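Listed below are the residues making up each chain.
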Amino acid sequence: MNSVEQLGKGLVGALIVDEAEKPDFDEDLVLCMKNWHIKDDGSFTALTTPQNAFRMGTPGRVMTINGEIHPTYNVPAGGAIRVRFLNVDNTVMYQINSTDPAAQIIAIDGNPIAQPIALTEHSIGPGMRLDLGVIAPNKVGEMVTFKHKGKPMVTIKTVASQLKDRSLPKLPLNPIPAPDLDNAETIKFAFEWNANITPIEKDGEVSYNFWTMNRRSWEGMSKGHIPDPLATLERGKTYIFELSNLTQYHHPIHIHGHTFTVLKSNKKDITPFHTDTVLLDQNETVLAALVADNPGRWMYHCHIIEHLKTGFMSFVEVT
Ligand SMILES: [Cu+2]
């Protein structure tokens, strides 16, 4: 297994769980965002270097949507369009905005939100998702473009249809257990760095552990070397994870098998929302609650693939 190379060269995609009753959209676009590590002649550039792995990761040169550079998709004029963005990149954080001032955020990381929010700009790190609802313009040939940092990523263009006066269908909310905040236990997690990039071993074998979670990296990450869980959680109990990013870089912190309710940040106002991945800004501390309702061992890691490979990988155990 070599996640950096396998994911980096394209072993990524979307898996969609449909609603029990399909919401009435006129078009449903699935858009996988990925930068490719290729030169102009199509040959690969380095997928990772130690210097980048201990910073923001090694970005690819060519930004694509579903493998194409700035594609255009036809949508019915006047239709209610669901646009699902998935960040399947190893490294890049995309900052999504739209030329349609009325584009609405309708779900974050697979979790519909009760009150859609107008999209101004929304950042998604590797592994994260964003669903937008858009009412396409009524006129044929009109376009709406979605951009990353001012660069066009993908355009939708209207084609003739009979649709008019459409409104965005409401998405059913996910059945997420409500955290019991009054009886919650707080656990602190410090995300830090530990940077020696000089190879020092004489045999040339270097294991880079640039990143630590509560002062620990998972050295020699393998099933033959399983450390103690980073935290042991009691089934059914609510926990508040105090996630502190003490580094100068952002990190999308992902937990398997559970859903966070994001409560608070020391850097911005938060309207509580549900997610499986908390994007921590540099020097940001976020409080995120979860109900430990899923027994077993669950991966808990940064979703920047070079970071998880160089220290930001761990697991929690629900007993
Ligand atoms: Cu990271």
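Reading guide: rules and limits
- Residues numbered from 1 in each chain as written.
- Predicted model: local features only at pLDDT ≥ 70, side-chain atom pairs only at ≥ 80, totals over all residues.
- Heavy atoms only, no water.
- Helix = DSSP H or I, 4+ residues; strand = E, 2+ residues; numbered from the N terminus.
- Rg over C-alpha atoms; globule rule 2.2 N^0.38 Å.
- Contact = heavy atoms within 4.5 Å.
- Pairing = 2+ DSSP bridges.
- Axes fitted to C-alpha atoms, helices over the stretch in contact; angles between N-to-C directions.
- Phe/Tyr/Trp six-rings, centres within 6.5 Å; stacked < 30°, edge-to-face > 60°.
- Buried < 20%, exposed > 50% of the residue type's maximum accessible area, 1.4 Å probe, protein only.
- Donors = N, O, S within 2.8 Å, 3.2 Å for Na, K, Ca; no water.
- Polar contact = N/O pair within 3.5 Å; in protein donor to acceptor, adjacent residues only side chain to side chain.
- Salt bridge = Lys/Arg side-chain N within 4 Å of Asp/Glu carboxyl O.

Caption draft 1: View of the overall build of the chain. Of the regular secondary structure elements, the chain holds three helices and 22 strands. Computed over the C-alpha atoms, the radius of gyration of the chain is 21 Å, within 12% of the 20 Å expected from 2.2 N^0.38 for a compact globule of 319 residues. Each principal axis of the C-alpha distribution contributes one length, and for the chain these read about 70 × 55 × 35 Å. When contacts within the chain are restricted to residue pairs at least 6 apart in sequence, long-range pairs at least 24 apart make up 74% of them.

Caption draft 2: Expanded view of the sheet that holds strand β17 (residues 260-265). The six strands lie next to each other as β13-β12-β15-β20-β17-β18, forming an open sheet whose pairing is mixed. Unpaired on one side and paired on the other, β13 (211-213) and β18 (273-275) mark the two borders of the sheet. Each adjacent strand pair in this sheet contributes to an overall mean axis angle of 30°, direction not counted. Sheet topology note: the β17/β18 ladder contains three bridges and is antiparallel. In the sheet register, Val-262 faces β18, and the bridge partner there is Phe-273.

Caption draft 3: Expanded view of the packing of aromatic side chains. Summed over the entire model, instances satisfying the criterion amount to 14 aromatic pairs. Consider the rings of Trp-211 and Tyr-249, whose centres lie 6.4 Å apart with planes at 85°: the pair is edge-to-face. In this pair, Trp-211 sits in strand β13 while Tyr-249 sits in the loop between β15 (238-245) and β16 (251-255), placing the two residues 38 residues apart along the sequence. Owing to a relative accessible area of 0%, Trp-211 belongs among the buried residues under this scheme. When its relative accessible area of 18% is taken as the criterion, Tyr-249 is described as buried.

Caption draft 4: Main features of the coordination of the copper ion. Only His-251 (ND1), Cys-302 (SG) and His-307 (ND1) from the protein reach the copper ion as donors, at distances of 2.0 to 2.1 Å. One chain supplies every donor to the copper ion, and in sequence these donors are spaced H-x50-C-x4-H. With a gap of 56 residues between them, His-251 in strand β16 and His-307 in helix α3 (residues 305-309) connect regions that are remote in the sequence. You'll find His-251 and His-307 in the same group, each marked buried.

Caption draft 5: Spotlight on the sheet that holds strand β6 (residues 104-108). Pairing within the open sheet is mixed, and its six strands lie in the order β2-β1-β4-β9-β6-β7. The open sheet has two edge strands, β2 (62-65) and β7 (111-118), and neither has a second partner. Within the sheet, the average angular offset between the axes of one strand and its neighbour, ignoring direction, is 25°. Across seven bridges, strand β4 (residues 80-87) lies against strand β9 (residues 129-135) in antiparallel orientation. When the sheet's bridge partners are listed, Val-83 is paired in β9 with Leu-132.

Caption draft 6: Expanded view of the environment of Asn-90. As for its position among the elements, Asn-90 is in the loop between β4 and β5 (94-98). Given the relative accessible area of 2%, Asn-90 is considered buried. Between the C-alpha atoms of Asn-90 and Pro-126, which are 36 residues apart in sequence, the distance is 6.0 Å. When residues no more than four places from it in sequence are discounted, the contact partners of Asn-90 are Ser-3, Val-4, Leu-7, Gly-8, Pro-126, His-303, Ile-304 and Ile-305. One polar contact links the side chain of Asn-90 to the main-chain carbonyl oxygen of Val-4, over a distance of 3.1 Å.

Caption draft 7: Layout of the pattern of salt bridges. Summed over all chains, the structure comprises 14 salt bridges. Notably, a salt bridge pairs Arg-166 with Asp-24, separated by 3.5 Å at the nearest N-O pair. One end of the pair, Arg-166, is in the loop between β11 (151-159) and β12 (185-193); the other, Asp-24, is in the loop between α1 (3-8) and β1 (27-36), and 142 residues separate them in sequence. Several salt bridges share partner residues, and in doing so they unite Glu-19, Arg-82 and Asp-131 into one network.

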